[in-house]
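Listed below, chain by chain, are the residues.
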Amino acid sequence: AQTVTQSQPEMSVQEAETVTLSCTYDTSESDYYLFWYKQPPSRQMILVIRQEAYKQQNATENRFSVNFQKAAKSFSLKISDSQLGDAAMYFCAYRTPGRDDKIIFGKGTRLHILP
Amino acid sequence: GAGVSQSPSNKVTEKGKDVELRCDPISGHTALYWYRQRLGQGLEFLIYFQGNSAPDKSGLPSDRFSAERTGESVSTLTIQRTQQEDSAVYLCASSDPQGSSNSPLHFGNGTRLTVT
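Residues numbered from 1 in each chain as written. Chains lettered and ligands numbered in written order. Predicted model: local features only at pLDDT ≥ 70, side-chain atom pairs only at ≥ 80, totals over all residues. Heavy atoms only, no water.

Enquirer: Would you explain the overall build of chain B in this entry?
Expert: When helices and strands are tallied, chain B shows zero helices and ten strands. Helices (α) and strands (β) of chain B occur, in sequence order from the N terminus, as β-β-β-β-β-β-β-β-β-β. Referenced to the eigenvectors of the C-alpha coordinate spread, the extents of chain B come out at roughly 45 × 25 × 25 Å. Across the 116 residues that make up chain B, the buried fraction comes to 51%. (Helix = DSSP H or I, 4+ residues; strand = E, 2+ residues; numbered from the N terminus. Buried < 20%, exposed > 50% of the residue type's maximum accessible area, 1.4 Å probe, protein only.)

Enquirer: In this structure, what is going on with the interface of chain A and chain B? I would like to understand it.
Expert: It is common to give the size of an interface as the accessible area that goes away when the parts come together. Contacts between the two partners involve 21 residues from chain A, matched on the other side by 30 residues from chain B. Applying the counting rule to chain A against chain B returns zero salt bridges. Across the chain A-chain B interface, the total number found is nine residue pairs in polar contact (both at pLDDT 80 or more). Looking at the side of chain A that touches chain B, the elements that each hand over two or more residues are β5 (33-39), β6 (46-52), β10 (88-95) and β11 (103-105) of chain A. Taken together, the residues that form the side of chain A that touches chain B break down as nine nonpolar, four polar and eight charged. (Contact = heavy atoms within 4.5 Å. Salt bridge = Lys/Arg side-chain N within 4 Å of Asp/Glu carboxyl O. Polar contact = N/O pair within 3.5 Å; in protein donor to acceptor, adjacent residues only side chain to side chain. Nonpolar A, V, L, I, M, F, W, Y, C, P; charged D, E, K, R; others polar.)

Enquirer: How should I be thinking about the layout of surface pockets in this particular structure?
Expert: A probe matching the size of a water molecule, rolled over the atoms, marks out where space remains unfilled. There is about 340 Å³ of room inside the largest pocket. Forming the walls of the largest pocket are 17 residues, and the residues nearest its centre are Q39 of chain A together with Q37, L39, G40 and R112 of chain B. Of all the secondary structure elements, the ones that give two or more residues to the lining of the largest pocket are β10 of chain A together with β8 (88-95) and β10 (111-115) of chain B. Here the residues of the lining of the largest pocket are counted per class, giving eight nonpolar, five polar and four charged. Taken as a whole, the second largest pocket spans an internal volume of roughly 180 Å³. Considering the residues around the second largest pocket, the lining is formed by 14 residues, among which F105 and K107 of chain A together with G42, L43 and E44 of chain B are closest to the centre. Of all the elements in the fold, those that place two or more residues in the lining of the second largest pocket are β11 of chain A together with β4 (31-37) and β5 (44-50) of chain B. Across the lining of the second largest pocket, the residue classes break down as six nonpolar, four polar and four charged. (1 Å grid on protein atoms, 1.4 Å probe; cavity = no way out; pocket = protein on both sides within 12 Å on 5 of 7 lines; lining within 4 Å. Points joined across faces, edges and corners; volume = space filled by probe spheres on them.)

Enquirer: Sorry, what's going on with the pattern of salt bridges here?
Expert: On inspection of all chains with the given rule, the structure shows six salt bridges over all chains. For K55 of chain A, the salt bridge goes to E52 of chain A, with nearest N and O atoms at 3.8 Å. Put simply, R22 of chain B and D24 of chain B hold a salt bridge, and the shortest N to O gap is 2.9 Å. Judged by its relative accessible area of 37%, R22 of chain B is partly exposed.

Enquirer: I'm lost on unusual backbone geometry in this one. Help?
Expert: Glycine aside, negative phi is the norm for most residues, and most peptide bonds take the trans geometry. Following S7 of chain B, the chain continues to P8 of chain B via a peptide bond in cis, the omega torsion being -10°. Among the secondary structure elements, P8 of chain B is positioned in the loop between β1 (5-7) and β2 (10-13). Of note, N62 of chain A is a non-glycine position whose phi angle comes to about 55°, a positive value. Relative to the helices and strands, N62 of chain A resides in the loop between β7 (60-61) and β8 (64-69). A positive phi is found at D81 of chain A, a non-glycine position, where the angle reads about 50°. Structurally, D81 of chain A is set in the loop between β9 (74-79) and β10.

Enquirer: I tried to follow the packing of aromatic side chains on my own but got confused; where do I start?
Expert: What describes a pair of aromatic rings is the distance from one ring centre to the other and the angle between the planes of the rings. All names here are of chain A. Considering all chains together, one arrives at 14 aromatic pairs over all chains under this definition. Seen from their ring centres, Y25 and Y94 are 6.2 Å apart, and the 35° between their planes marks the pair as tilted. Taken as a pair, Y25 in strand β4 (residues 24-26) and Y94 in strand β10 lie far apart in primary sequence, 69 residues in all. Residues Y25 and Y94 agree in their burial class; the two are buried. Judged by centre distance (5.7 Å) and plane angle (50°), the ring pair of Y37 and F105 falls under tilted. (Phe/Tyr/Trp six-rings, centres within 6.5 Å; stacked < 30°, edge-to-face > 60°.)

Below is the structure:
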């Protein structure tokens, strides 16, 4: 069974600095998708960034980028120029395409931004 | 409404009562998911609907939990004889997998259930 592990329950970063959130996963599939979601105190889950496993190029969305290491089954999220609005829970998620299109989430990392 | 809508946003109930939680997915989204999120915890998969296929109920924690979905529209999650450990936020999400499986989930704001 697929699993997603986020080993950092909480992290803090100074405003304007860079922080990296780690995520590892376990799968025997070769084709899959990976996501990072953000959940601010409002509870609304928001997609931050996504990565297709067949793409070697790391996805980037403005200040957010990933370091995708397929062989190591690692999918870390880098936030550059951290802003107060980045404070939230961040969840890493895995999805296998097909009939059993279940999406597996990690337990999350709570990110604090220090002014 | 363009987003996923859940109701009620908050529900307080007495132990032993039944509750029904509702989810209106984004129009046209064939996939619908229910997740449970206990305080400070991650998302626990409960059930997944895909079009008219049989739902994947593998995450339902006990037979007190059930969910229905009519076609590709509204879904209701029912918890019978609620227990205090059922207290959590119940999140619904929908997705359109027709184009690609990298289609993201669109989440509702959740229903916070408190069992007293």
